[in-house]
Amino acid sequence: MTNAPRIPVCRAVDLGSMRYGEAFDLQKREVERLQRGEGDDVLLYVEHPHVITLGRNATGSALVADPKFIASRGCEVVTTDRGGDVTYHGPGQIVGYPIVRLEGTRRDIRRYVHDLEEVLIATLADFNVFAGRHPLHRGVWVQERKIASLGIRISRWVTCHGFALNVSTDLSYFELMNPCGITGCAMTSLEREILSRVSLRAVRERITHHFGVIMGREMQEESVVHVH
């Protein structure tokens, strides 16, 4: 008899609230760990203080508000090495950073992005929000309203960065930019769509479940403030 292939383990770790720069440094350490072949994959969950991030595709028209006004809203602006354009992270939003090895048939960037979108689409369906894909733009959409953004980086087939799902997010912060470089892009959130409160923990639990199923991982949940 031949042994069935081992299902890769992925730890789902809730980091709580963490500044973007600190989480970015943590991602880099986790990527380097996997590139050395050490330990398991990890899905980092974080809730950032108000921050606008500029990806590799961001242009001079990404921000529509004056930098002083953005600062007056308590929002910092940072550049990062993920793909994509400009987006906002803040309280009430679930940011997920999957740091995973892509192996075998999963060494396919389009498949990986498609699968990440599918995780979020399946999660939203659990809350009776029927989302899908846009014919022209990445991310997850409810009709013409964007509810989740994606921006990734893959180095030596180890992933980093990931997704941001609006749950109870203050959507007015998206008015400071052209979200994802899309002029006039309408943003929405889970709570806006269902007109009811929902806990971030409940949503994270469903994301973790669907991530394991769709990505072929055995998920192990952890709740810690920091991982090293």
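Structure first, text after, so check above.
Cut-off values and rules
Numbers given for residues are sequential positions, taken from 1 along each chain in its written order. Two thresholds apply to this predicted model, a pLDDT of at least 70 for residue-level local features and 80 or more for giving and counting side-chain atom pairs, whereas whole-chain, interface and lining totals are computed over all residues. Only hydrogens and water are set aside when side-chain values are computed; all heavy atoms of the structure are taken into account. For two strands to be treated as a pair, DSSP must find at least two bridges joining them. Counting from the N terminus, the helices are the DSSP runs of H or I reaching at least four residues and the strands are the DSSP runs of E reaching at least two. Think of each axis as a best-fit line through the C-alpha atoms, taken over the contacting stretch in the case of a helix, with angles from 0 to 180 degrees between the N-to-C directions. Polar contact criterion, stated in full: a pair of N or O atoms within 3.5 Å, where within protein one must be able to donate a hydrogen and the other to accept it, and residues adjacent in sequence count only if both atoms are side-chain atoms. For salt bridges, the criterion is a side-chain nitrogen of Lys or Arg within 4 Å of an Asp or Glu carboxyl oxygen. Take the buried Ala, Val, Leu, Ile, Met, Phe, Trp, Tyr and Cys residues and link them wherever side-chain atoms come within 4.5 Å; each set so joined is a nonpolar core. A simple rule labels every residue: compare its accessible area, found with a 1.4 Å probe on the protein chains alone, to the largest value its type can have, and call it buried under 20%, exposed over 50%, or partly exposed in between. Whether two residues are in contact is decided by their heavy atoms, any of which lying within 4.5 Å being enough.

Undergrad: What's the story with the sheet that holds strand 3 (residues 51-54) in this structure? I'm lost.
TA: Strand pairs in the sheet, formed through backbone hydrogen bonds, run parallel or antiparallel to each other. The strand order across the open sheet built from 3 strands is 4-3-5, with neighbouring strands paired in mixed fashion. Across the chains shown, the open sheet's two edge strands, defined by having one partner strand only, are strand 4 (76-79) and strand 5 (86-89). Averaged over all neighbouring strand pairs, the angle between strand axes comes to 25 degrees, with direction disregarded.

Undergrad: Just to check I follow, could you spell out the side chain of Gln93 for this structure?
TA: The residue Gln93 is located in strand 6 (residues 93-99) in this model. Among the polar contacts listed, one links the side chain of Gln93 to the side chain of His89, at a separation of 2.9 Å.

Undergrad: So what exactly am I meant to see when it comes to the pattern of salt bridges here?
TA: Inspection of every chain in the model, using the stated rule, returns 19 salt bridges. Asp81 is the partner of Arg153 in a salt bridge, and the nearest nitrogen-oxygen pair spans 3.3 Å. Here the residue Arg153 occupies a position in strand 8 (residues 145-155), and Asp81 occupies one in the loop between strand 4 and strand 5, the gap between them amounting to 72 residues. In this structure, a network of salt bridges that share partners links the residues Arg11, Glu30, Arg33 and Glu222.

Undergrad: What exactly am I supposed to notice about the nonpolar core here?
TA: A general feature of soluble globular proteins is that nonpolar side chains tend to end up buried together. Among the nonpolar cores identified, the biggest contains 33 residues, and Phe163, Leu165, Val203 and Ile207 are the most heavily contacted of them. Among the elements of the structure, strand 1 (9-17), strand 2 (41-47), helix 3 (109-126), strand 7 (140-142), strand 8, strand 9 (158-166) and helix 5 (200-215) are those that each provide at least two residues to this core. No other element matches the 7 residues that helix 3 contributes to this core. The residues contacting Phe163, other than those within four sequence positions of it, are Leu43, Tyr45, Ile94, Val95, Gly96, Pro98, Leu116, Leu120, Ser149, Leu150 and Ile207. Counting residues in hydrophobic clusters, the runner-up holds 20 residues, among them Leu15, Met18, Leu44 and Val46.

Undergrad: In this structure, what is going on with the pairing of strand 6? I would like to understand it.
TA: Put simply, side chains in a regular strand alternate between the two faces of the sheet. Counted residue by residue, strand 6 has 7 buried out of 7 residues, so it is predominantly covered. Taking every second residue as pointing to the same face, both faces of strand 6 are buried, with Gln93, Val95, Tyr97 and Ile99 on one and Ile94, Gly96 and Pro98 on the other. The pairing of strand 2 with strand 6 spans 5 bridges and is antiparallel. Considered in strand 6, the bridge of Val42 is made with Ile99.

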